[in-house]
Amino acid sequence: ILDETDSGLDVDAVRTVTEGINAWHNSRNSLLIITHNAKILEGLDVSKVHVIEGGKIVRTGGRELIDNIIEGGFGAVKEEA
């Protein structure tokens, strides 16, 4: 579980974290990444995305959900749900 691992990091540091995650991740393990910034997810092999609000999952999707969040923000994604 990586909780807000990108918090306070600059662009170069986020890239370094992303590279480390990609080096570790394979078909025999998995990660739960909790973040408020979907940009870190762009460089990762993401299989499932959940948007949580008030402790409840309000939207679930795949890689396309990341693009929707980056383009329209979390508010737009929650409105579609």
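What you are looking at is a predicted structure, and each value in this text was computed from that prediction instead of being measured.

Considerations on the pattern of salt bridges
- Within this structure, the stated rule accounts for two salt bridges.
- Asp12 is the partner of Arg15 in a salt bridge, and the nearest nitrogen-oxygen pair spans 3.0 Å. Placement of both Arg15 and Asp12 in helix 1 (residues 11-24) is noted, with a separation of three residues, approximately one turn of the helix.
- Given the relative accessible area of 45%, Arg15 is considered partly exposed.
- Glu42 is the partner of Lys39 in a salt bridge, and the nearest nitrogen-oxygen pair spans 3.2 Å.
- Residue class for Lys39 comes out partly exposed when judged on its relative accessible area of 46%.
- Classification of Glu42 by relative accessible area gives partly exposed; the value is 40%.

Remarks on a nonpolar patch on the surface
- A surface patch of nonpolar side chains, amounting to about 310 Å² of accessible area, comprises Ile1, Leu32 and Ile34.
- Looking at where Leu32 falls in the secondary structure, it is placed in the loop between helix 1 and strand 2 (33-34).

Some words on unusual backbone geometry
- Residue Glu4 is not a glycine yet carries a positive backbone phi of 55°.
- Among the structural elements, Glu4 can be located in the loop between strand 1 (2-3) and helix 1.

Cut-offs and rules
Residues numbered from 1 in each chain as written. Predicted model: local features only at pLDDT ≥ 70, side-chain atom pairs only at ≥ 80, totals over all residues. Heavy atoms only, no water. Salt bridge = Lys/Arg side-chain N within 4 Å of Asp/Glu carboxyl O. Helix = DSSP H or I, 4+ residues; strand = E, 2+ residues; numbered from the N terminus. Buried < 20%, exposed > 50% of the residue type's maximum accessible area, 1.4 Å probe, protein only. Patch = residues over 30% accessible without salt bridge, like charges linked within 9 Å, V, L, I, M, F, W, Y side chains within 5 Å. Areas by Shrake-Rupley, 256 points an atom, 1.4 Å probe, with all protein chains shown as cover.

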